[in-house]
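# Examination of the molecular architecture
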Amino acid sequence: MSRILLIDDDPDVRDSVAKVLSREGHTVTTVDGAQKGLEMIVKEHFDVLIADLIMPGMDGVQAIRRIREVNGGIKIIAISGGGDFGAKRYRPHAITTTAYLEAAADAGADCVLTKPFERADIVDAVSQFEGGE
Amino acid sequence: MFIDNVRTHARFLADSLERRGSTATDAEVTDILDSLVVSGSGVFSELVGANRTISSSLLSPDAGDRYQEDFGFGGHGDTVYYFSVPVLHSGEQWNLRVGFDELPILEKNALANRNGLAIIGAYLVMISILMPMIGRRVVRPVRALQRASREIASGSLSEHLTVETDLVEFVELSRDLELMKSRLIGISQQLQQEMEDREQAEVKSRSLQQQLRHRQRLETVGTLAGGIAHEINNILVPIILFADTAIEDLAPDNPVRDDIQRVLRAATRAKGIVSQVLMFSRKIPRGEFTSVDMAAVVRDSVDLLKTSMPVSAKLSLEVEPNCPFILGDPSLLSQLVLNLGTNAYQALGSRQGEIKVTLSSVDVRRRFADSHELLARGNSLRLTISDTGEGMDKNTIARIFEPFFTTRDVGQGSGLGLSVVHGIVADLGGAIEVESEVESGSTITVYLPAIEQH
């Protein structure tokens, strides 16, 4: 069961994702911005980071890179609001815009999901990292 | 002139008298006066002084009986006129009067008048003889020229000018007029051509402007759509996740579960529409295109379609070997195939039908030579999707690529699928055609410009 840090500016997204993952037995901490996320990373250890790369008023990629610097082994799931192009079932993790993908690669994300994702999608995304622990 | 003569003589004599000074006697003066008469310069003459008058002793031989009776100068109305010239004689101021007879003058005038009238009469006769001649040779051609120039002025340039004349000037003039006319015709044709060209250019520029405005509007909508889509996607996350956990929390036989299932399905539908709208509004820049193996994309998409379609529908795929690659974006292209397939599947409805997908290489250069630059360059890839579904009538076919146009019931189709397809085909420089017959089925053909295989 992982320790998950979730960064998203939308409270409904935070609460719903937290609820779903808690039910799987994970410990979920939520913050509404990258700055607060950094502060959390410094204080506690997390196994997984779930964050939107595009956050208002801040460079998500930079923030995530800095988080990686502090917590090297953390797994990063990038969730994007960019829209699903209908081929989500075609690949395990949603295809999103090329730009977003490149940004995710830049940030060092391990996985990309597009909002809105099914419950199963986010659950699988987190559990795929647990095997390696 | 006679009168000038008299005047001159009178003056001459006056000067002679004055030169004599006071020494001239009355007898000598009389001689001088007589010489005037004798010379024929006057009828009689006299020297009129303050107190007395010295007269010539002679009357001119022409005088006639009239003057014998009235040896004096008459005033106006008589036939005698006189000149008066001032003379200094014997230290006093005298007047030398010379009288002359008007009658001969009158007679001469009458003769001159008679002569003048005769001459005028002769002229009139001449003119009345010449006029018809002139008329024939000059007036008629002038009239013809006049008519011709009036016609040209009024704009009718088609009439040909015919002037019958043997006068060189008129022939030349009419030739010049014809030349001017043909030049005018040339100029007017030029002007008309220029106007047509300008009109065409305007029409083109207007349509280009319209296209530009349309594009800009689409872009604005695109940005807007992108923003809205992003927001809605965020909103859908809690809807989908909470609906899911709610279903989990309810007992399996709880009827509320069904309601929440429907909430979930509605949310999933919304997700589909948002993604279509985003696809529709987003434009992948050409610079990001890569060479795509369309055969592979089609195969993968058809596999996907098969999993989402009921088993009752038959879906077949024929891919020509060695199909060329195309320049594009793989996700766009798979979206293209999926949307077309979905459309075909929806057309089947509840029937037992068949969907055929084919991919082949064709040469349609000549067909699209004037309309599609990329298709005109080389070989093309042809993708066809045909179904044996309900088909479309002419009105439907005309609107089929309109965004949000759908013949489906609410909830069954957003109406965006084919407009997305159309947008993708346009972005790739391809062409799309629709054939359909009501109750028979439809075939949609997409042509995409092929590139050299890598």
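Because the structure is predicted, anything quoted here is derived from the model rather than measured. (Residues numbered from 1 in each chain as written. Chains lettered and ligands numbered in written order. Predicted model: local features only at pLDDT ≥ 70, side-chain atom pairs only at ≥ 80, totals over all residues.)

## Concerning the pairing of strand β8 (residues 354–362) of chain B
All names here are of chain B. The condition that has to hold: Strands qualify as paired when DSSP identifies two bridges or more between them. Each helix is a run of H or I in the DSSP string that is no shorter than four residues. Each strand is a run of E no shorter than two, and both are numbered from the N terminus.
Relative to β8, strand β6 (residues 314–319) runs parallel, the two sharing 6 bridges. Bridging across to β8, K314 finds its partner in E354. Relative to strand β9 (residues 380–387), β8 runs antiparallel, the two being bridged by 8 bridges. Opposite T358, over in β9, you have T384 as the bridge partner.

## Examining the environment of V13(A)
The criterion, for reference: Any residue with 12 or fewer other C-beta atoms within 10 Å of its own C-beta is exposed, any with 20 or more is buried, and the rest are partly exposed; the C-beta atoms used are placed from the backbone. What counts as a contact here is a pair of residues whose C-beta atoms, placed from the backbone, lie within 7 Å.
Considering the arrangement of structural elements, one finds V13(A) in helix α1 (residues 11–23). The buried category is assigned to V13(A), around which 25 C-beta atoms lie within 10 Å. Spatially, the C-alpha atoms of V13(A) and K115(A) are 9.6 Å apart, while their sequence positions differ by 102 residues. The contacts of V13(A), once residues within four sequence positions are left out, are D8(A), N234(B), V237(B) and P238(B).

## Thoughts on the confidence of the model for chain A
We count it as follows: A residue's pLDDT is the predictor's confidence in that residue, given on a scale from 0 to 100.
On average, residues of chain A score 79 in pLDDT, and 75% of them are at 70 or above. Predicted confidence is poor over residues 83–96 of chain A, with pLDDT under 50, and the contacts of this stretch with residues over four places away or in other chains come to 38 contacts.

## Describing the confidence of the model for chain B
Residues and elements named next belong to chain B. Overall, the predicted model of chain B reaches an average pLDDT of 79, with 79% of residues at or above 70. Of all helices and strands in chain B, the one with the weakest mean pLDDT is helix α3 (residues 65–69) (44), whereas β9 scores best (94). Taken together, the stretch residues 64–77 has pLDDT below 50 and engages in 7 contacts with residues farther than four places along the chain or on a different chain. If you check the scores for this complex, the pTM reads 0.45 and the ipTM reads 0.86.

## Focus: helix α5 (residues 119–130) of chain A
Residue and element names in this part refer to chain A. The following threshold applies: Here the expected length of a helix is defined as 1.5 Å per residue gap, with one fewer gap than residues. As used here, the arc is the angular range of directions from the helix axis to the C-beta atoms.
Over its 12 residues, α5 extends 18 Å from the first C-alpha to the last, a length consistent with the 16 Å expected when each residue adds 1.5 Å. Taken together, the buried positions of α5 are occupied by R119, I122, A125 and V126. Within α5, the buried residues cover an arc of 145° as seen down the axis, which keeps them to one side.

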